Amino acid sequence: MGANSSSISDLPKNEYLKKLSGTESISENDPFWNQLFSFSFPAPTSSTELKLLEEATVSVCKSLVENNPRTGNLGALTKVFLSRTRELRLSAECQNHIFIWQTHNALFIICCLLKVFICEMSEEELQLHFMYEEKSPGSYSSNSEDLLEELLCSLVQLITDTPLLDITYEISVEAISAMVVFLSCQLFHKEVLRQSISHKYLMQGPCLPYTSKLVKTLLYNFIRQEKPPPPGTHVFPPQSDGGGLLYGLASGVATGLWTVFTLGGASSKAAASPELTSPLANQSLLLLLVLVNLTDAPDTPNPYRQAVTSFKNTQDSSPFPSSMPHAFQINFNSLYTALCEQQTSDQATLLLYTLLHQNSNVRTYMLARTDMENLVLPILEILYHVEERNSHHVYMALIILLILTEDDGFNRSIHEVILKNITWYSERVLTEISLGSLLILVVIRTIQYNMTRTRDKYLHTNCLAALANMSAQFRSLHQYAAQRIISLFSLLSKKHNKVLEQATQSLRGSLGSSDAPLPDYAQDLSVIEEVIRMMLEIINSCLTNSLHHNPNLVYALLYKRDLFEQFRTHPSFQDIMQNIDLVISFFSSRLLQAGAELSVERVLEIIKQGVVALPKDRLKKFPELKFKYVEEEQPEEFFIPYVWSLVYNSAVGLYWNPQDIQLFAMDSD
């Protein structure tokens, strides 16, 4: 840092860093700070670069950990930064590039140090390090000032109050990253943290009034997807003679050399991936998800979750209930557009799930949209490419569909939306298909993938629940969708017969030997019969409620009628088979009367005519199939590790040694 570093390898020997971490106390008014903050380099863009940076500075950080109780230099650094943040807004308005640039550098140093400190010690020890002053070894301030809390509140204010300009873009990203680092103590605990000093700071005291403003700012950062300014907008080029002119302008003194140290050279900067074209949006969303998933305090519900679950549309003029102290308004149309466009990332899908599940205002608005295909198609594409997605992303996408299918209006409207040329669906060319039929195809494909690969019963259950919710509203099913429904039943039927045969053979074999343990075929059989029962209920629900709308399903049933024979007398399926058997018998009879060698068109014509003639009172009524998504008990046990895994893998400019991570298993490479 400062004037003499030209590469990462020089950092451990850097005179300014050695002085900061050394045994000498540095006054808050010392010109040293301006020298320390006068460095410029391209922001790290890969985990490799970040790892190099961390490895190069770890000795400096550990030296500061050792000496800070005597020097109080961490507290002095923090106070210098805090004094600068009070002038930040005015500096932005006055276009004071140098002041903002140095303040950003101060925050960058604090963030790097904070990350190591949090990894190395408890929160209580960290709090003490911010209280140490220049006195006898280990002494600390006796006044009531809590510098750590003041720093956190300052970051919140920086995020919410600093206008977003080209010159403030990087410091805004750094402030959000620093808040993520503040909360990263969770990474170093195997169990979910239910009490934490940083949580207490955010949920009580001076940070609390900023709750709704912070959540709103982070949401708008996500919505706007602001790209970083062009290179050179906010970082100054080195002087051709290496002189200190700009440094002199910044600090009022002319001293030292102005140098740029690069991470392997400016040309090594990797191109941003599509979902990270806006580091500010990415970091904002990650921080928002971390905040929303903080556990409730014993006497205080999480205010950030309250804010996310209660905000409403800017067009909604109704008053906020007094029970929602952190509610605010946001433009739902802009939010909807951003959510539709960003579903390629786990974190955007998780935000969509959170809003649909917990914010009734958002859910009502989305279900009333007339362009739901813009939201549903990206979700279907996630499920379609299940092999390329992690299991959590697939799970979230599936739960979103389940929540949407709880609404009858949604289930009707998706069959009215006609799509053309779905290029990502490769099994078959779909030149024209309804959104509802495409949804059925993708969910059935997910079930079949799960049957052959992951064999996750919970995934099965949720897929079938979504189909069941839709079944009474099936309309004009595409012939391929109708075929896939019956094909899935065929697959389940074969699996049932195979398990039944294995159970029978195992039972016979066990009669000759009592030593070998028997596989639990009874449980396997029970599971497969439960799934078959569900599929029969889905088919039955469609036939009972919308037979006249679905000739293609009747055609597929008749074509594969032999599949259902074995289940007619099965005690587990007899009742639900009555209607299916009746439909098959009725239409088979009419086809028989029409003669042999009928074309597909003629068969469909006979089916459409027969639908009118079939007495509806002969179809037995069953309770309506309706499944509602219910979050499991203690959802934080799933969501907190998931969110932090996203932070670990997706955060811009942050790196943690995988060997230090305790919350979830990490590979060391």
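Residues numbered from 1 in each chain as written. Predicted model: local features only at pLDDT ≥ 70, side-chain atom pairs only at ≥ 80, totals over all residues. Heavy atoms only, no water.

1. Observations regarding the overall build of the chain
Condition: The helix count covers DSSP runs of H or I at least four residues long, the strand count covers runs of E at least two residues long, and both are numbered beginning at the N terminus. The buried label applies to any residue whose accessible area, calculated with a 1.4 Å probe on protein chains only, is under 20% of its type's maximum; exposed applies above 50%, and partly exposed to all values in between. Residues count as neighbours in contact if any of their non-hydrogen atoms are within 4.5 Å of one another. Calculation of accessible area relied on Shrake-Rupley with a 1.4 Å probe; when residues are assessed, cover is drawn exclusively from the protein chains displayed.
From N to C terminus, the chain includes 28 helices and four strands. Burial status across the chain gives 55% buried among its 669 residues. For the chain, contacts bridging at least 24 residues in sequence account for 74% of all contacts bridging at least 6. With an accessible surface of roughly 29,700 Å², the chain has 50% of that area assigned to carbon and sulfur atoms.

2. Re the environment of Leu147
Examined against the element boundaries, Leu147 turns out to sit in helix H8 (residues 147-161). Judged by its relative accessible area of 2%, Leu147 falls in the buried class. As for Leu147 and Thr78, which are separated by 69 residues in sequence, their C-alpha atoms are 7.7 Å apart. Those residues within four positions of Leu147 in sequence are excluded, and the remaining contacts are Gly75, Thr78, Lys79, Leu82 and Phe130.

3. Focus: the packing of aromatic side chains
Geometry of an aromatic ring pair is reported as the spacing of the ring centres plus the angle between the planes. Cut-off, in case you're wondering: Any two rings among Phe, Tyr and Trp, with Trp reduced to its six-membered ring, count as a pair given centres within 6.5 Å; such a pair is stacked if its planes are under 30 degrees apart, edge-to-face if over 60, and tilted if neither.
All chains considered together, the criterion is met by 22 aromatic pairs. Between Phe311 and Phe332 the ring centres are 5.9 Å apart and the planes differ by 85 degrees, which places this aromatic pair in the edge-to-face class. In this pair, Phe311 is assigned in the loop between helix H14 (303-310) and strand E1 (312-313) and Phe332 in helix H15 (residues 332-341), connecting sequence segments 21 residues apart. Overall, the relative accessible area of 0% leaves Phe311 in the buried class. With relative accessibility at 3%, the residue Phe332 sits in the buried group.

4. Examining the packing of helix H6 (residues 97-120) against helix H9 (residues 169-182)
Definition in use: Note on geometry: axes are C-alpha line fits, over the in-contact stretch for helices, and angles between N-to-C directions span 0 to 180 degrees. Note that the term roughly parallel is reserved for angles under 35 degrees, roughly antiparallel for angles over 145, roughly perpendicular for angles of 65 to 115, and oblique for everything else. Two helices that cross are described as forming a left-handed crossing if the nearer one is turned anticlockwise from the farther one by less than a right angle, and a right-handed crossing if clockwise. Residues are grouped as follows: nonpolar covers Ala, Val, Leu, Ile, Met, Phe, Trp, Tyr, Cys and Pro; charged covers Asp, Glu, Lys and Arg; every other residue, Gly included, is treated as polar.
At a minimum axis distance of 9 Å, the contact between H6 and H9 shows a crossing angle of 15 degrees. What the angle tells us is that H6 and H9 run roughly parallel. Considering the relative orientation of H6 and H9, their crossing is left-handed. Residue-level inspection shows Ile100, Thr103, His104, Leu107, Phe108, Cys111, Leu114, Lys115 and Ile118 of H6 in contact with H9, the latter providing Glu170, Ile171, Glu174, Ala175, Ser177, Ala178, Val181 and Phe182. Of the residues that constitute the contact of H6 with H9, the class distribution is eleven nonpolar, three polar and three charged.

5. Thoughts on the side chain of Ser434
With respect to the helices, strands and loops of the structure, Ser434 is situated in strand E4 (residues 432-434). The class of Ser434 is buried, set by a relative accessible area of 6%. Contact partners of Ser434, with chain neighbours within four places excluded, come to Ile414, His415, Val417 and Ile418.

6. Things to note about the pattern of salt bridges
Just so we agree on the cut-off: Here, a salt bridge means any side-chain nitrogen of Lys or Arg that lies within 4 Å of a carboxyl oxygen of Asp or Glu.
Enumeration according to the criterion identifies 19 salt bridges in this entry. For Lys213, the salt bridge identified is with Asp161, shortest N-O distance 2.8 Å. On the criterion of sequence distance, the pair formed by Lys213 in helix H11 (residues 211-224) and Asp161 in helix H8 is long-range, its members being 52 residues apart. For Lys213, a relative accessible area of 40% gives the class partly exposed. Here Lys626 and Asp408 are joined by a salt bridge, their closest N and O atoms 2.8 Å apart. Of the two residues, Lys626 is situated in the loop between helix H27 (600-613) and helix H28 (636-650) and Asp408 in helix H20 (residues 408-413); the sequence distance between them amounts to 218 residues.

7. Topic: H14
To be explicit about the condition: As used in this structure description, the phrase polar contact means that two N or O atoms lie within 3.5 Å; if the pair is within protein, one of them must be able to donate a hydrogen and the other to accept it, and residues adjacent in sequence are counted only when both atoms belong to side chains.
Along H14, the positions that sit buried rather than exposed are Pro303, Tyr304, Ala307, Val308 and Ser310. The N-cap of H14, judged by a side-chain oxygen 2.8 Å from the amide nitrogen of Tyr304 a few residues on, is Asn302.

8. Some remarks on unusual backbone geometry
In this structure, Asn421 is a non-glycine residue whose phi angle is positive, near 55 degrees. As for its position among the elements, Asn421 is in the loop between strand E3 (418-420) and E4. Backbone geometry at Ser476 places phi at a positive 45 degrees, although glycine is not the residue there.

9. Things to note about the confidence of the model for the chain
Any residue range with low pLDDT should be treated as having predicted coordinates unsuitable for detailed reading. Quick reminder of the rule: Residue-level confidence of the predictor, termed pLDDT, takes values from 0 up to 100.
Mean pLDDT over the chain works out to 86, with 87% of the residues at or above the 70 mark. When the elements of the chain are averaged for pLDDT, helix H12 (residues 245-251) gives the smallest value, 31, and H11 the largest, 98.

10. Regarding the packing of helix H3 (residues 47-71) against H6
Following both chains from N to C, one finds H3 and H6 inclined at 75 degrees, their axes separated by 10 Å at the closest point. As summarised for this structure, H3 and H6 are arranged roughly perpendicular, according to the angle between their axes. Contacts between H3 and H6 pair Leu53, Glu54, Cys61, Lys62, Leu64 and Val65 from the former with Phe108, Cys112, Leu113, Lys115, Val116, Phe117 and Glu120 from the latter. Per-class residue counts for the contact of H3 with H6 are nine nonpolar, no polar and four charged.

11. A short note on the nonpolar core
The line we're drawing: Throughout this description, the term nonpolar core refers to a set of buried Ala, Val, Leu, Ile, Met, Phe, Trp, Tyr and Cys residues connected via side-chain atoms within 4.5 Å.
One finds Trp33, Tyr425, Leu438, Ile485, Phe564 and Trp644 to be the most contacted residues of the largest nonpolar core, which totals 223 residues. A total of 13 residues in this core trace back to one element, the largest contributor, which is H6.

12. Details of the environment of Cys340
Inspection of the secondary structure assignment puts Cys340 in helix H15. Exposure remark for Cys340: the relative accessible area of 12% places this residue in the buried category. As a C-alpha pair, Cys340 and Ile379 span 39 residues in sequence and 9.0 Å in three-dimensional space.

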